[in-house]
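Given next are the chains, with one letter for each unit.
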Amino acid sequence: MEVYILGIIIAVSGNFLISISLNIQKYTHIRQSQRGSKPYYTSRLWWCGILLMGLGELGNFAAYGFAPASLIAPLGCVSVIASAVISVVFLKETLRASDLLGGALALTGTYLLVTFAPHSAPHVTANMVERCLISWQFLAYFFIEVVLFCILLFLYKCRNVNHIVIVMLLVALLASVTVISVKAVSGMLTETIRGSHLQLTYPVFYVMFVVMVISCAFQIKFLNEAMKMFDATEIVPINYVFFTASAVIAGILFYEEFYGLSIIYILMFVCGCLLAFSGVFLIARTRPKIKTDRVFFSMGQVSSKKHTDKVQPEKKESKHGALASKLVCNSSTEQEDI
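In this convention, every chain numbers its residues from 1, walking through the sequence in written order. Note on the predicted model: pLDDT of at least 70 is required for a residue's local features to be given, and 80 or more for side-chain atom pairs to be given and counted; whole-chain, interface and lining totals, by contrast, use all residues. Water and hydrogen atoms were dropped before computing side-chain values, which therefore reflect all heavy atoms in the structure.

**Considerations on the overall build of the chain**
Then, number 1: In terms of regular secondary structure, the chain is built from twelve helices and zero strands.
Then, number 2: When its helices and strands are written in sequence order, the chain yields α-α-α-α-α-α-α-α-α-α-α-α.
Then, number 3: Each residue is placed in one exposure class: buried if its accessible area under a 1.4 Å probe, protein chains only, is under 20% of its type's maximum, exposed if it is over 50%, and partly exposed if it falls in between. Residues counted as buried form 54% of the 338 residues belonging to the chain.
Then, number 4: Of the contacts formed within the chain by residues at least 6 apart in sequence, a portion of 84% connects residues at least 24 apart. Working definition: helices are DSSP H or I runs of at least four residues, strands are E runs of at least two. Numbering for both runs from the N terminus. Here a residue-residue contact requires only that any non-hydrogen atoms of the pair lie within 4.5 Å.

Pasting the structure below:
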């Protein structure tokens with residue numbers, strides 16, 4: 001139970017740091033655009049925001065080593081709620097009724113997730129990961145995922161079917177691989193640090209590390225393409241729902257996190273997910289729809305007052321897994337400054 005609580009605290013703290021980072025970057029972009037001076041990346045304050053984002057993502061990465069993946073992924077809604085509060089209090093942005101309702105729903109969903117999620121997860125070791133990789137349920141799941149991914153990629157690239165659901169499903173399928181690999185790497189590192197057994201001597205550790213990096217890179221690639229075609233207010237809730245669902249399914253099938261969990265706990269967990277989904281949907285979807293043909297760097301995850309000043313394009317970065325949904329959320333607020 002202590003390890004479980006530690007994982008929750010690390011995940012919540014990491015998401016809170018990310019929300020602070022996003023608003024610091026937002027403030028820096030607005031200030032620099034108003035002054036019309038040097039580029040945003042020359043500001044020390046902007047780099048402080050980047051440092052906080054890195055610490056937050058590192059916290060999310062570490063949290064996978066202490067708590068089930070099916071719990072850590074939905075807790076991403078904490079950054080949405082915290083960013084909304086910070087932007088209203090410190091950036092003096094408009095507080096809407098949908099923000100209050102969405103925040104209430106997301107907080108209620110978070111409470112249900114923490115209460116009814118699996119409270120224990122097996123220690124992730126190299127031997128355990130090797131066994132899971134050859135288990136029949138994972139092989140069947142992976143086969144279906146590969147087939148579905150190929151079909152969607154064919155429709156997207158060859159048939160030019162540029163529907164938002166197709167693009168976000170590609171991201172979600174990659175996200176499930178990311179979650180599996182991230183938890184494997186984080187869990188093996190945690191076991192090594194604890195001193196129970198050295199995991200870095202097993203080849204599977206490096207295999208999962210490479211898979212993690214590649215899947216993260218392609219997630220960001222497809223997210224950037226989605227931002228060029230669709231409005232961020234559409235992408236934010238869809239990506240959060242798809243990412244969370246893929247993470248939960250990956251945790252169930254690969255790590256058997258719901259094994260032995262009662263039906264009532266499973267139903268309450270699903271109810272918590274639905275409430276969190278609804279909260280993020282209300283906070284993100286009611287922003288003014290603004291389309292753009294470029295992707296901008298993270299500026300926050302809640303609506304802001306419109307500005308007519310110039311903004312500066314994104315300097316692309318690559319971060320791990322839950323970072324992907326953050327990058328999507330970030331872009332929407334930057335667009336509103338156009």
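**What about unusual backbone geometry?**
Then, number 1: Unusually for a residue other than glycine, Asn160 sits at a positive phi of about 55 degrees.
Then, number 2: Relative to the helices and strands, Asn160 is located in the loop between α7 (136–158) and α8 (164–194).
Then, number 3: With phi around 50 degrees, Glu256 is a residue other than glycine that occupies positive phi space.
Then, number 4: Structurally, the position occupied by Glu256 is in the loop between α10 (232–254) and α11 (263–285).

**A short note on the packing of aromatic side chains**
Then, number 1: Whether two aromatic rings pair depends on their centres lying within 6.5 Å, for rings of Phe, Tyr and Trp, where Trp uses its six-membered ring; planes under 30 degrees apart make the pair stacked, over 60 edge-to-face, and the rest tilted. In total, this model carries ten aromatic pairs according to the counting rule given.
Then, number 2: Between Phe254 and Tyr255 the ring centres are 4.6 Å apart and the planes differ by 70 degrees, which places this aromatic pair in the edge-to-face class.
Then, number 3: One aromatic cluster in this structure is built from Phe138, Phe142, Phe254 and Tyr255.
Then, number 4: Geometrically, a charge over a ring is one whose NZ (Lys) or CZ (Arg) sits within 6 Å of the ring centre while staying within 35 degrees of the ring normal. The lysine or arginine in question, Lys183, covers the ring of Tyr255, its NZ or CZ lying 5.7 Å from the ring centre.
Then, number 5: Positioned above the aromatic ring of Phe222 is the side chain of Lys221, whose terminal nitrogen or guanidinium carbon lies 4.8 Å from the ring centre.

**As for the side chain of Ser19**
Then, number 1: By secondary structure assignment, the location of Ser19 is in helix α1 (residues 2–35).
Then, number 2: Given the relative accessible area of 0%, Ser19 is considered buried.
Then, number 3: Counted as a polar contact is a pair of N or O atoms within 3.5 Å, where, for protein atoms, one must be capable of donating a hydrogen and the other of accepting one, and residues adjacent in sequence contribute only when both atoms are in side chains. At 2.6 Å, the side chain of Ser19 and the backbone oxygen of Phe16 are in polar contact.
Then, number 4: Excluding anything up to four places from it in sequence, Ser19 contacts Ser79, Ala82, Ser83 and Ile86.

**Some points on the environment of Cys77**
Then, number 1: Within the secondary structure, Cys77 is located in helix α4 (residues 77–90).
Then, number 2: Here the alpha-carbon distance between Cys77 and Gly103, two residues 26 residues apart in the chain, equals 9.3 Å.

**Considerations on the pattern of salt bridges**
Then, number 1: In what follows, salt bridge is the name for a side-chain nitrogen of Lys or Arg lying within 4 Å of a carboxyl oxygen of Asp or Glu. Throughout the structure, instances matching the rule amount to four salt bridges.
Then, number 2: Linking Lys157 and Glu225 is a salt bridge whose minimum nitrogen-to-oxygen distance equals 3.7 Å. Taken together, the positions of Lys157 in helix α7 and Glu225 in helix α9 (residues 203–229) put the pair 68 residues apart, joining distant regions of the chain.
Then, number 3: With a relative accessible area of 16%, Glu225 lands in the buried category.
Then, number 4: Between Glu225 and Lys221 there is a salt bridge, and its shortest N-O distance comes to 2.7 Å. Residue Glu225 and its partner Lys221 are located together in helix α9, separated by four residues, close to a single helical turn.
Then, number 5: Members of the salt-bridge network, linked through shared partners, are Lys157, Lys221 and Glu225.

**Focus on a nonpolar patch on the surface**
Then, number 1: Residues enter patches when their relative accessible area tops 30% and they take part in no salt bridge; the joining distance is 9 Å for like charges and 5 Å for the nonpolar side chains Val, Leu, Ile, Met, Phe, Trp and Tyr. Residue exposure ignores everything except the shown protein chains as possible cover, and the areas themselves are Shrake-Rupley values with a 1.4 Å probe. Where nonpolar side chains cluster on the molecular surface, the patch consists of Phe209, Val210, Val213, Ile214 and Phe218 and spans about 430 Å² of accessible area.
Then, number 2: Position of Phe209 relative to the elements: it lies in helix α9.
Then, number 3: You can call Phe209 partly exposed: its relative accessible area is 40%.

Shape is all these values report; function is a separate question.
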